[in-house]
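What the coordinates show
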Amino acid sequence: MILPIVAYGSPVLKKIAKEITSDYPNLNQLIDNMWETMYASNGVGLAAPQIGISIRMFIIDASPFVDEELMDEKEVKTLSNFKKIFINPKIISEDGNLWDFNEGCLSIPEVREDVLRKEEILITFFNENFECEKLKLNGLAARVVQHEYDHIEGILFTDKISSFKRKIINNFSINNKIRITKIGTIVNGKDRSVILADSGLQIFPNNKGYFHNF
Ligand code: CO
């Protein structure tokens, strides 16, 4: 089932999410729904708070990057196989140089911004079978994890950019007299519409400009 994606302005995106236990109700169903929602939105990552559930879980499938970005053979191999569920993750360390990448978030429609992040991370987490895993990641794989990890910490990429640019985003919603609270995703063949819930205003009549958000 495709779930509505919660957008910029919604309090759940600012909360620190809670850890879960292996007996969390209907966990497999929730994970299935998150995959379906992420793929329907052409996302490469989705965190549970983005569907309004404040738990420490996110999913990533970074394979779509392979067709779009310039990268070496090693990174192609890593990203094309990088499909994972992260439950109760902990970033142990972040190392290396800060580097820029133009990020887009499924919860912040129409906004993309260069975000600085460190290039390498070490992370532990539980997979969907509640087995503990440890991963060392770098480049785009690390970046998508860092972005999703921020979501469960209540941080959006707009918190990492200048207050000037943040004002522009806020003004966008004020000027259009909309309180951006929720996006409803409708899949109708290949067409996809996004509705800002309070206004009924529709934007993004198709997938254009919506690729590789996370
Ligand atoms: Co995001």
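Residues numbered from 1 in each chain as written. Predicted model: local features only at pLDDT ≥ 70, side-chain atom pairs only at ≥ 80, totals over all residues. Heavy atoms only, no water.

**Notes on the overall build of the protein**
In terms of helices and strands, the protein carries five helices and nine strands. Burial status across the protein gives 48% buried among its 214 residues. For the protein, contacts bridging at least 24 residues in sequence account for 66% of all contacts bridging at least 6. (Helix = DSSP H or I, 4+ residues; strand = E, 2+ residues; numbered from the N terminus. Buried < 20%, exposed > 50% of the residue type's maximum accessible area, 1.4 Å probe, protein only. Contact = heavy atoms within 4.5 Å.)

**Things to note about the coordination of the cobalt ion**
Around the cobalt ion, the protein supplies Cys105 (SG), His147 (NE2), His151 (NE2) and Phe214 (O) as donor atoms, at distances of 2.1 to 2.2 Å. Seen from the cobalt ion, its four donor atoms lie at angles of 90 to 144°, and the figure they make is irregular. All donor residues of the cobalt ion come from one chain, and their arrangement in sequence is C-x41-H-x3-H-x62-F. Remark: Phe214 occurs in the segment after β9 (202-203) and His151 occurs in helix α4 (residues 139-152); sequence separation between them is 63 residues. Here His151 and Phe214 have matching classes, each one buried. (Donors = N, O, S within 2.8 Å, 3.2 Å for Na, K, Ca; no water. Tetrahedral: all angles 85-135°; square planar, octahedral: opposite > 155°, others 65-115°.)

**Side note on the environment of Val76**
Among the secondary structure elements, Val76 is positioned in helix α3 (residues 73-80). As for Val76 and Phe65, which are separated by 11 residues in sequence, their C-alpha atoms are 8.5 Å apart. The residues touching Val76, leaving out its near neighbours within four places in the chain, are Val66 and Met71.

**Looking at α4**
Taking 1.5 Å of rise per residue, 14 residues should cover 20 Å, and α4 covers 21 Å from first to last C-alpha, within 8% of that figure. Across the 14 residues of α4, 14 count as buried, placing the element largely inside the fold. At the exit of α4 stands Gly154, carrying a positive phi of roughly 80°. (Expected span 1.5 Å × (residues − 1).)

**Considering the pattern of salt bridges**
Working definition: two side chains of opposite charge can pair if their charged atoms are close together. Inspection of every chain in the model, using the stated rule, returns eight salt bridges. Two residues, Glu19 and Lys90, come together in a salt bridge whose shortest N-O distance is 3.7 Å. Here Glu19 is found in the loop between β1 (5-6) and α1 (27-40), whereas its partner Lys90 is found in strand β4 (residues 83-104), with 71 residues between them in sequence. Relative accessible area serves as the criterion here: at 46%, Lys90 is assigned to the partly exposed category. Note that Glu153 is salt-bridged to Arg56, the shortest N-O span being 2.5 Å. Placement of Glu153 in the loop between α4 and α5 (163-175) and of Arg56 in the loop between β2 (45-47) and β3 (57-61) is noted, with a sequence separation of 97 residues between them. (Salt bridge = Lys/Arg side-chain N within 4 Å of Asp/Glu carboxyl O.)

**Topic: the pairing of β3**
A regular strand places its side chains so that they alternate between the two faces of the sheet. Taking burial as the measure, the five residues of β3 include five buried ones, the bulk of the element. Going residue by residue along β3, you find Met57, Ile59 and Asp61 tucked away on one face and Phe58 and Ile60 tucked away on the opposite face as well. Bridging between β3 and β4 involves five bridges; their strand directions are antiparallel. The residue of β4 that forms the bridge with Phe58 is Phe86. (Pairing = 2+ DSSP bridges.)

**Considerations on the nonpolar core**
Membership of the largest hydrophobic core comes to 24 residues, with the highest contact counts inside it found for Phe65, Phe82, Phe86, Leu137 and Val145. Of all the secondary-structure elements, those providing two or more residues to this core are β3, β4, β5 (112-126), β6 (132-138) and α4. Sort the elements by how many residues they give to this core and α4 lands first, with seven residues. Leave out the neighbours within four places in its chain, and Val145 touches Phe58, Ile60, Phe82, Phe86, Ile121, Ile123 and Leu137. Core analysis: the second largest hydrophobic core is formed by 18 residues, Met34, Ala48, Ile87 and Leu106 among them. (Core = buried A, V, L, I, M, F, W, Y, C linked by side-chain atoms within 4.5 Å.)

**With respect to unusual backbone geometry**
In this structure, Asn88 is a non-glycine residue whose phi angle is positive, near 45°. Backbone geometry places Phe130, a non-glycine residue, at a positive phi of 60°.

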